[in-house]
Amino acid sequence: MTIKASSRKQRGRQLGLPFTGRTGTNNAITDVAGIGVGFRTIIENEPRPGRKRPTRTGVTAILPHMDSETPVPVYAGVHRFNGNGEMTGTHWIEDGGYFLGPVVITNTHGVGMAHHATVKWMIDRYASTYQTDDFLWIMPVIAETYDGALNDINGLHVSEADVRAALDGIAAGPVQEGNCGGGTGMITYGFKGGTGTSSRIVEFDGRAYTIGTLVQANHGQRDWLTISGVPVGRHMRDGTPQSQLQERGSIIVVIATDLPLAPHQLKRLARRAAIGIGRNGTPGGNNSGDIFLAFSTANAHPMAHRASGHLPLQIVNDEPLDPVYLAAVDSVEEAVVNAMLAAEDMGGTPYDRFRIQAISHDRLAELIRQYGRMET
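The rules behind each value
- Residues numbered from 1 in each chain as written.
- Predicted model: local features only at pLDDT ≥ 70, side-chain atom pairs only at ≥ 80, totals over all residues.
- Heavy atoms only, no water.
- Buried < 20%, exposed > 50% of the residue type's maximum accessible area, 1.4 Å probe, protein only.
- Helix = DSSP H or I, 4+ residues; strand = E, 2+ residues; numbered from the N terminus.
- Pairing = 2+ DSSP bridges.
- Salt bridge = Lys/Arg side-chain N within 4 Å of Asp/Glu carboxyl O.

J.: Quick one: what's the story with the pairing of strand β2 (residues 55-63), residue by residue and with numbers?
T.: A large share of β2 lies buried, amounting to nine of its nine residues. Of the two faces of β2, the one lined by Thr55, Thr57, Val59, Ala61 and Leu63 and the one lined by Arg56, Gly58, Thr60 and Ile62 are each fully buried. Pairing analysis gives nine bridges linking strand β1 (residues 36-44) to β2, with the strands arranged antiparallel. Pairing of Gly36 across the sheet is with Leu63, part of β2.

J.: If you had to explain the pattern of salt bridges to someone new, which residues and values would you point to?
T.: Side chains that differ in sign of charge can pair as their charged atoms come close. If you walk through the whole model with that rule in mind, you get 16 salt bridges. Between Glu94 and Lys267 there is a salt bridge, and its shortest N-O distance comes to 3.0 Å. Of this pair, Glu94 sits in helix α2 (residues 90-96) while Lys267 sits in helix α7 (residues 263-271); the two residues are 173 residues apart in sequence, bridging distant segments of the chain.

J.: Talk me through unusual backbone geometry; I want residue IDs and the actual numbers.
T.: Positive phi, close to 50°, is recorded for Asn27, a residue that is not glycine. With respect to the helices and strands, Asn27 occurs in the loop between α1 (12-15) and β1.

J.: Describe the pairing of strand β6 (residues 141-145), and please don't skip the residues or the numbers.
T.: In terms of residue burial, β6 counts as a mostly covered element, since five of its five residues are buried. Side chains of β6 alternate between two faces, with Val141, Ala143 and Thr145 and Ile142 and Glu144 buried alike. With five bridges connecting them, strand β5 (residues 103-107) and β6 associate as parallel partners. Its bridge partner lying in β6, Val103 is registered against Val141.

Following this line, the structure appears as structure tokens:
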């Protein structure tokens, strides 16, 4: 789902936060060629019939090789920093080193529907593959974070149509952030959070490659929050109920690149997301599902049953990868902040337990400036 840049709130760099590194055109995961993102956002501030709470949830879909008429395997690696969450398909990624199809992110109780609907979408989208070779299995990657503080999560409101809408809306270009898709009802460090993205351009062996990150941020507690090295959360702990919330959420991080990395290297890249989210203060709380996926769009081989016995593989040397790791860390850090800056206040109706406010751009900029960290 693309959006016009003019419809956004200021992102971190526009606000003057001193993030390092050169970004791609959109400063988004879609800067990696061939990757598209789609959303389905559901916001209903009055309960549905028979329910007590409002519905605020959705679906985010990421598709590598989005223009291909057949599904394309992508080499991948995963890392579980803290395991109080779910990401399907990871056992095969660990053993087989790849996944096939979209990555879909929703709420905790929507995983089953998202998996079911994504399988059906793949059967339809890639009919020439799955109707011709109907002995094939499909195992998409579905991930989640918990939005039950702002959403009627037990109402199971994510439908097959919602998942398909996100998948059908996949597009390249600028990516919406904040209260959208799977991130609609999410909370980050006691502020409204949600979807965030960023990218970096890295030089490797004389060529430019892209690292793109998308996060569904629903983690942390207020007193942990650090932005650009400033202990923002300690200064913005204002006594409101939202600023007292304890860690009870999660974060999903998806890192994409066009650098030809093998599965063991992508697993190492995925681990660096822990450092990226740690820069903003979280230690990885007990109740948080901090689960990370990294994949490469390089080495685009046909599906295994159609491939020859030997596959050509381009792989980079591990020794020069430090700048790539740093780019991933920087991108994850920025994506989390972008999610918070894009978010809007949510809740506060007679049907809600909470009103969760978005972080104040003015107050944040004032604190960063007081600590001498603001870009001039």
